[in-house]
Structures are given as structure tokens and as C-alpha cells.
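So the chains spell out like this:
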Amino acid sequence: MSTSQATPLAAETMPTLDQSTEFGWSSAEAKQRGIYGFDSRDVRSRPFNMLRSRLLKLNRHKGWRLFGIVSATPAVGKSFCATNLAAALSRTPGLDTYLVDLDLRRGSIAHNFGQPVEAGMRHYLEGEVESLRSLAWHPQGERLVILPTDRAPAHSAELLASERMDRTVAAMRACTAPSLFLCDLPPVFANDDATIVTTKLDAFILVVEEGRTTKKQVKDALHVLDQAPCAGVVLNRFDGGLLADSYGYGYGAGYADYYK
């Protein structure tokens, strides 16, 4: 029996905008696909601009750069919020923004941008792809790097706890350029994937939906993820009060004219 050890994996680096594959994109197409964060003049971008300010403040005061986006249960707008927040962050001068899809079984970031996935994070973590650079995209004209994944019955927990995942996180932290990373994670109660990944990141944001997510689910989700700091809780589709308008978020009548 051979006593030789496996060769250690080489250090990984995060692909830059110039090193990622560009795909055709426009502001009109973005809005057709429900992505409003690229246009600060669109009233529907307002809540994501507020979230952007929150993350930038945490970055300045705490040095946090790696954020997970999670929900307690499926279908509450988690990936919608992650996509739009990444779009809003990408408009920050001098900042590189990365959107990483780590929902390995039900990835939806590529679908949000209308792109097929030939190689993604699942393939990289399984060792089928050697470099993150080969799977990175960016929408034409935008300062956003996307690392997508497909939908497959993967052994996701094992992959997210693997050495390749640790190498990915190390590459994020090793970025010398000013940068923020958003990692779209599976729902907390789907499996233990979110628990595994959030312990590797700086903090997480919990997305909940009015009328769908219960108080107990929020409390239990925060308890499950208590080994990582919570950067905030986002109430999606709020139908009243400070952040309410016909889109489920906003300031109400009067501000539409201001933003025009």
C-alpha cells in the first residue's frame, strides 16, 4: 500500500472583471428579469441601496467583506434580494463586487441573469473544473463578477465543507483590491449547507417574507446560525409602513416624483 499523501491543492485567486467572460446585457433586460439594483434612478432600487449602505458601513467599521444571504425557508425572495443587492453594490466607485451562488442543489443566480451554466461552483468543488476563472461571468457594462452554479442532486454539504471550498474562501479573503462578496446560500432548514458556510464568512443577512415566514422560523434560523454574526434581517414584500409601496418596498407616495 502506498503511503504517499495527496498533493496539496494550489492556492486559488479570485478572477477579476477582465478575467471573467462577458455576456450581453442591458438595463432594459435587467428590469425585465426583475433586477433593479443597477439603476439608482429606478424607485425599485431604493431598498437595495439602503442595504448597500448597511454593508458598506459594516465593511468600513468592522472590515467585513464576506456576506451570506440566507432564508429560513424556500420561496421568500432570497436570491432576488441577493441579485439586486449585488447589482446595487456594483455601482459603488472603486469597489469590486462578487456574487457567488452556493445553493448547489437549486442555484438560481444564473437563471436570474438568463444564462445557461456549462461550468459552475458545483463543478469546481467536485474537482471537474480547476480554476474559478474558467466559470466567472460578468454582465456587459457592469462592474459585477458572477460565479454561478447549476441545479443538480449534489452532495452539497460535503462539497461546502471541502478543501476546495476553504480554498475559495481563502481566495476571497486574499483579494487585495477593495471588494465585497455576496454568497447566495440554501435555506437554513433545507439542510446544513447554510450552517457550514456561514461559519466561514464574516456575517449573514436573513431574508424573510411578510405573511409567509413565521416568528418561530426567524428565531430558530438565528439560533441555528448563531456561530456567525447577523448583519441584518430583510423583510421582503412588506405591505405597509416605512418600506411599503406597490412593489412591496419603498417609502410610499411622493418619492416617485423625487426620484424622477
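This report concerns the structure included in the present document. Keep in mind that what you see is a predicted model, and the values were worked out from it rather than measured.

1. Points about the overall build of the chain
Then comes step 1: When helices and strands are counted, the chain shows ten helices and eight strands.
Then comes step 2: Burial status across the chain gives 53% buried among its 260 residues.
Then comes step 3: Pairs at least 24 apart in sequence give 79% of the contacts found in the chain among residues at least 6 apart.
Then comes step 4: Carbon and sulfur atoms form 51% of the exposed surface of the chain, whose accessible area is close to 12500 Å².

2. Thoughts on helix 2 (residues 46–62)
Then comes step 1: Here helix 2 contains 17 residues, and its C-alpha end-to-end distance of 24 Å stays within 8% of the 24 Å for a straight helix at 1.5 Å per residue.
Then comes step 2: Among the residues making up helix 2, those that are buried are Arg46, Pro47, Phe48, Asn49, Leu51, Arg52, Leu55, Leu56 and Leu58.

3. Considerations on the pattern of salt bridges
Then comes step 1: Under the criterion given, the structure shown has 13 salt bridges.
Then comes step 2: We note a salt bridge from Arg143 to Asp96, for which the minimum N-O separation is 2.7 Å. Linking Arg143 in the loop between strand 4 (137–139) and strand 5 (144–147) with Asp96 in strand 3 (residues 96–101), this pair joins segments that are 47 residues apart in sequence.
Then comes step 3: In this structure, Asp220 engages Lys216 in a salt bridge whose closest nitrogen and oxygen atoms are separated by 2.6 Å. Separated by four residues within a single helix, Asp220 and Lys216 lie in helix 9 (residues 215–224), roughly one turn from each other.
Then comes step 4: When its relative accessible area of 58% is taken as the criterion, Lys216 is described as exposed.
Then comes step 5: Among the charged side chains, a network of salt bridges with common partners joins Lys31, Asp39, Arg41, Asp42 and Arg44.

4. Description of the environment of Pro229
Then comes step 1: Positionally, Pro229 belongs in the loop between helix 9 and strand 8 (230–236).
Then comes step 2: Remark: the alpha-carbon pair of Pro229 and Ala203, spanning 26 residues in sequence, is separated by 4.8 Å.
Then comes step 3: Not counting residues up to four positions away in its chain, the partners in contact with Pro229 are Trp64, Asp202, Ala203 and Phe204.

5. Some words on the pairing of strand 7 (residues 203–209)
The side chains of a regular strand alternate between both faces of the sheet.
Then comes step 1: Counting buried residues in strand 7 gives seven out of seven residues, a clear majority hidden from the surface.
Then comes step 2: Relative to strand 7, strand 2 (residues 66–71) runs parallel, the two being bridged by five bridges. Residue Ile69 lies in a different strand from strand 7, and its bridge partner there is Ile205.
Then comes step 3: Bridging between strand 7 and strand 8 involves six bridges; their strand directions are parallel. Note on strand 8: the bridge partner recorded for Phe204 is Cys230.
Then comes step 4: For the crossover from strand 7 across helix 9 to strand 8, the handedness is right-handed.

6. Points about the packing of aromatic side chains
To describe a pair of aromatic rings, you give the distance between the ring centres and the angle between the ring planes.
Then comes step 1: In total, this model carries seven aromatic pairs according to the counting rule given.
Then comes step 2: Relative to Trp137, the ring of Phe23 has its centre 6.0 Å away and its plane inclined at 80°; by these criteria the two rings are edge-to-face. Residue Phe23 is located in strand 1 (residues 21–23), and its partner Trp137 is located in strand 4; the two are separated by 114 residues in the primary sequence.
Then comes step 3: Judged by its relative accessible area of 12%, Trp137 is buried.
Then comes step 4: With centroids separated by 4.6 Å and ring planes inclined at 20°, the aromatic side chains of Tyr98 and Phe181 adopt a geometry described as stacked. Here Tyr98 is found in strand 3, whereas its partner Phe181 is found in strand 6 (residues 179–184), with 83 residues between them in sequence. One exposure class covers both Tyr98 and Phe181, and it is buried.

How each quantity is defined
- Residues numbered from 1 in each chain as written.
- Predicted model: local features only at pLDDT ≥ 70, side-chain atom pairs only at ≥ 80, totals over all residues.
- Heavy atoms only, no water.
- Helix = DSSP H or I, 4+ residues; strand = E, 2+ residues; numbered from the N terminus.
- Buried < 20%, exposed > 50% of the residue type's maximum accessible area, 1.4 Å probe, protein only.
- Contact = heavy atoms within 4.5 Å.
- Areas by Shrake-Rupley, 256 points an atom, 1.4 Å probe, with all protein chains shown as cover.
- Expected span 1.5 Å × (residues − 1).
- Salt bridge = Lys/Arg side-chain N within 4 Å of Asp/Glu carboxyl O.
- Pairing = 2+ DSSP bridges.
- Right-handed = clockwise from strand over helix to strand, strands pointing away.
- Phe/Tyr/Trp six-rings, centres within 6.5 Å; stacked < 30°, edge-to-face > 60°.

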